[in-house]
Every structure is written in C-alpha cells, then in structure tokens.
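# Per-entry structural report
Below are the chains, spelled out letter by letter.
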Amino acid sequence: MQPISLQTRYRSANENTIALWAKNAGIGNIREENYYDPVKLALAAGIKPSVPLPVLRLIDELQRLTLADPLADTLPAQGLHFTFLPLTLPLYNVNEPLPAKAAQLTTIWQEFAAKKIVIRDLRLVALPSQLLLAGIPDTPAIAMRQSFCDKVLDSDWKKELLMRHGNSPLPAPFWHSTLLRYSAEFLPAVLRQFFYERQDINFGAVAGELMLTKTNYNWTKCYPLLPARV
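Anyway, here's the lowdown on the structure attached to this text. (Residues numbered from 1 in each chain as written. Predicted model: local features only at pLDDT ≥ 70, side-chain atom pairs only at ≥ 80, totals over all residues. Heavy atoms only, no water.)

## Looking at the overall build of the protein chain
Along its length, the protein chain carries six helices and nine strands. Considered along the principal axes of its C-alpha atoms, the protein chain spans approximately 55 × 35 × 30 Å. For the protein chain, the proportion of contacts with a sequence separation of at least 24, taken over those separated by at least 6, is 85%. Total accessible area computed for the protein chain in this model is approximately 11,500 Å², and 53% of it derives from carbon and sulfur atoms. Averaging the coordinates of the 24 positive side-chain charges in the protein chain and doing the same for the 20 negative ones gives two points 3 Å apart. (Helix = DSSP H or I, 4+ residues; strand = E, 2+ residues; numbered from the N terminus. Contact = heavy atoms within 4.5 Å. Areas by Shrake-Rupley, 256 points an atom, 1.4 Å probe, with all protein chains shown as cover. Lys, Arg positive; Asp, Glu negative; His and termini not counted. Charge placed at Lys NZ, Arg CZ, Asp CG, Glu CD.)

## What about the sheet that holds strand β3 (residues 82-86)?
Strand order in the open sheet formed by four strands is β3-β1-β8-β9, with antiparallel pairing between adjacent strands. Of all the strands in the sheet, just β3 and β9 (222-224) have a single pairing partner and so form its edges. Strand-to-strand twist across the sheet, computed as the mean angle between neighbouring axes with direction ignored, equals 45°. Summarising the sheet, strand β1 (residues 42-47) and strand β8 (residues 211-215) pair through five bridges and their orientation is antiparallel. By the bridge assignment, leucine 43 is partnered in β8 with lysine 214. Seen against the sheet, helix α3 (residues 102-109) touches β1, β3 and β8 and runs at an angle of roughly 145° to β8. This element, helix α4 (residues 139-153), spans β1 and β3 of the sheet and lies at about 30° to β3. (Pairing = 2+ DSSP bridges. Axes fitted to C-alpha atoms, helices over the stretch in contact; angles between N-to-C directions.)

## Section: the packing of helix α2 (residues 53-66) against helix α6 (residues 189-198)
At a minimum axis distance of 11 Å, the contact between α2 and α6 shows a crossing angle of 160°. Taken together, the axes of α2 and α6 lie roughly antiparallel to each other. Crossing of α2 over α6 shows right-handed handedness. Every residue of α6 that contacts α2 at Leu58, Glu61, Leu62, Leu65 and Thr66 is listed here: Val190, Leu191, Phe194 and Arg198. Taken together, the residues of the contact of α2 with α6 break down into six nonpolar, one polar and two charged. (Parallel < 35°, antiparallel > 145°, perpendicular 65-115°, else oblique. Left-handed = near helix turned anticlockwise from the far one by under 90°. Nonpolar A, V, L, I, M, F, W, Y, C, P; charged D, E, K, R; others polar.)

Here it is, written out as structure tokens:
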C-alpha cells in the first residue's frame, strides 16, 4: 500500500460518501444495535499518540456540536488511537483471563513491540455514517503491519483475525481513528457541513510506540499485554 494509493483511497471514499449523501438528505434508518459491543474488550495492536493541538481542537468542536444528539458517539480525546491491526472482535470481559494461546500471540509480538510509527498528513475521511481521522504511515510501518498480519494468520489466532475482519481486506487499508459513529444510515446535515468545511485541512502528524492491548471499542479503556519472556 504505497502512499499515493492510500491518498487515492481516502479521496475516493470521500467522493463516494458525498455522492451517497446527495441522494439521501435525511439520516435514514436508525441503527438498532451498537457498532461494537460497548462493554466487552477486544485484542488489538496500535498506537495511542499524544494528541496534537489541531486534532484536539477538531475533537472538541465535534464534541460540542454533537453534545445534545443521542445518536452521535464521539471519540473522547483520551481515546485517540490508530490501530495497527485489530485482532479479535470484542470477546472478553474486563477481568476475564485470556486463553492459553495468548502466549503465542505475545511471542509473535516481541518483534514489533515498542516500534515507533509515524502517521502524517492527517485529514478527515467521511463514510456514510462515520467520520474518520486518517493519514499516511511511513513506509516501514506498512511492511511491519503486513508482516505481523501474516504471522498471526499463520498462528492459532487465524480464526479470530478472520472473524474480526469479515469480508473486508486484511489488513484493512486505512490508517485511521474513528472520531464519530452515528447510529443511523447517514450523518445529519450539521455533521455533513462539519466535514465539508474541514475536508481540505491537514491536521498534521502523530507518532507513537506500538503496543499489543486488550481494549474496548474506542480505546478509552486499554490494558496493554506484556510481551512474553524468552
């Protein structure tokens, strides 16, 4: 996944969403279930970077705009994260022990633990009912993610990984944090306008050390797994 290809994917996603919005002025059907289980935890790898000031302002503006809207689930600033690779669906309760094969996963992770990755040129990407903050990773991160994905597919965690991704590409092409999930088919007009006014803004870059973690869907509750000792 070269940077130019990723830039094209983001642009194409925005164009497709804008075209869909143009055909659907309202929010459509309201969702009857959550995007993800709001309580249970999943296994994932990613970074929790310091929040740059432009991104902090963006999240604050979005939170103030959606404060009175019960259908809007806006990411708190402390949950800002960029997933390297989601590994499982939300399967675990907070205090539930992981299966014994977790040792295999942490052994695989030793090669990647605490590696620093940088994601640049952050911009808003719109999906029909979501707003993402997405960017372009440094080239080494792309190869690292593919390598980690291949190793997990060759492990006892293959089933969980495939279930997490369903019919989507593996690994998923976007490098992003989901800023807003809206519990309807489409965003309302006020949130579409929020996107239109900011779609050309470059929000800078983030950097962080990779960690393997047990986390809730928006990374506001995050429990890093220690690497296995060798």
